Amino acid sequence: MSNSNKIFLKGMDLPELEVWCKLNNFLPFRAKQLYEWLYCHGSEDVSVMTNIPNNCIEIIQEQCILSTLELISKTVAQNKKTIKFLFKTINGNFIESVSMVDEADRHTVCISSQSGCNLGCDFCATAKMGLLQNLSTGEILDQLIIIRRLSGLAINNVVYMGMGEPFLNYDNVIKSANILNNKKGFNISAQKITISTVGIVPKIKRFIEEKNKFGLAISLNASNDLTRNNIMPINKKWPIADLINMNKMYVKNNKRGKITFEYVIMDGINSSVSDATELSRILNSAKCKVNIIPYNETDGKYKRPSDTTIKEFIDTLYLYNKNFQILVRWSNGLDIDAGCGQLAVVQ
Ligand code: SAH
């Protein structure tokens, strides 16, 4: 059988594996066994699947593809704790993922949902690639399977903050997150899986209506539409007021969880004291978290503000803050271009 006709087992959820077993005359419980081999053990080689009968192994060898990504390179940061991985998809496109281990040995992996991106955020390196492809569920999961195997470390935290816009690949992203969360899959708690979106409002609505328990982050990056229109073209379609309404809807539907608004702070663009005052005003309407991300420089057009400017901005937020929790995220791995928004592959 040629590769193009092969079936991708990696990426199938349990009901899909059950259908596949049925089609091939295998008992339904084989689907559960395969699920565990694929996701809990991350097996790439069918011959290690010791409880799977030989006739099933032969069919898998003949008809299926188990691994969807090829590792091209691995770059280790000076801190030795941040590693950037470059992978090639079956279609020949490139994606990057970043593994970060903190002082408490917690392992966070930042994964891609698309190769490239077509949203055109002016400050983001990935945008310069344009959109090359949506990743399949298998390609999303294989980033974690390969990183887990190579690092020998379990993964505690997953953020969909690598290349691409997760909510423009909604079905594959949610399916992959459910497999990450499943006890027989990766067994990562839903609160430790965060999906970050530029603000695709109909999909945020769907995410809330479906009662997904995964963390949700929205890249706000500005306190008014004028600035946001300039740096994030998507704002012309779904402006800030729509995002604030989504937050209200989320709060109504979720007793405990909170949306995180990400705010990449860029010198002279959105970094003034009046920006901070405006930001605190718009976010006071409903409970949320705010994540301030000092800009990681990419092409020289945008700059990271000085530490004093960042401090002033945060102090102002604290001054007016009534409803929200503030976090500052200093990216790791800047020496290997593995910080937020620095992922890009030029072919
Ligand atoms: N498309 C999704 C997810 C990928 S980007 C989204 O926009 O949310 C993940 C985060 O990195 C976003 O909050 C984005 O605004 C931020 N980001 C992009 N470029 C950056 C840069 N150069 N420095 C710091 N953060 C950046």
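In case you missed it, the structure is sitting above this.
The structure displayed is predicted, hence computed values, not measured ones. (Residues numbered from 1 in each chain as written. Predicted model: local features only at pLDDT ≥ 70, side-chain atom pairs only at ≥ 80, totals over all residues. Heavy atoms only, no water.)

Before going further, it helps to spend a moment on the pairing of strand β12 (residues 260-265). The buried fraction of β12 is high, at 6 of 6 residues. The side-chain alternation of β12 yields two buried faces, one formed by T260, E262 and V264 and the other by F261, Y263 and I265. For the segment spanning β12, helix α9 (residues 273-283) and strand β13 (residues 288-294), crossover handedness is right-handed. (Buried < 20%, exposed > 50% of the residue type's maximum accessible area, 1.4 Å probe, protein only. Helix = DSSP H or I, 4+ residues; strand = E, 2+ residues; numbered from the N terminus. Right-handed = clockwise from strand over helix to strand, strands pointing away.)

What follows is about the packing of aromatic side chains. For the structure shown, the criterion picks out 7 aromatic pairs. Members of the aromatic cluster, joined through ring pairs, are F167, Y170 and F207. (Phe/Tyr/Trp six-rings, centres within 6.5 Å; stacked < 30°, edge-to-face > 60°.)

Spatial strand order, β3-β4-β5-β6-β9-β10-β11-β12-β13-β14: 10 strands in an open sheet with mixed pairing. A strand with exactly one partner marks an edge of an open sheet, and here the two such strands are β3 (69-76) and β14 (324-328). Neighbouring strand axes in the sheet, compared pairwise and without regard to direction, differ in orientation by 20 degrees on average. Of the pairings in the sheet, the one linking strand β5 (residues 94-101) to strand β6 (residues 107-110) comprises 4 bridges and is antiparallel in character. Paired with V98 across the two strands is C110, which belongs to β6. Each of β10 (193-197) and β11 (215-219) is contacted by helix α6 (residues 201-209), which is oriented at about 165 degrees to β11, the strand it contacts most. Relative to β13, helix α10 (residues 307-320) is tilted by about 170 degrees, and along the sheet it contacts β12, β13 and β14. (Pairing = 2+ DSSP bridges. Axes fitted to C-alpha atoms, helices over the stretch in contact; angles between N-to-C directions. Contact = heavy atoms within 4.5 Å.)

By themselves, these are just geometric observations and shouldn't be taken as functional.
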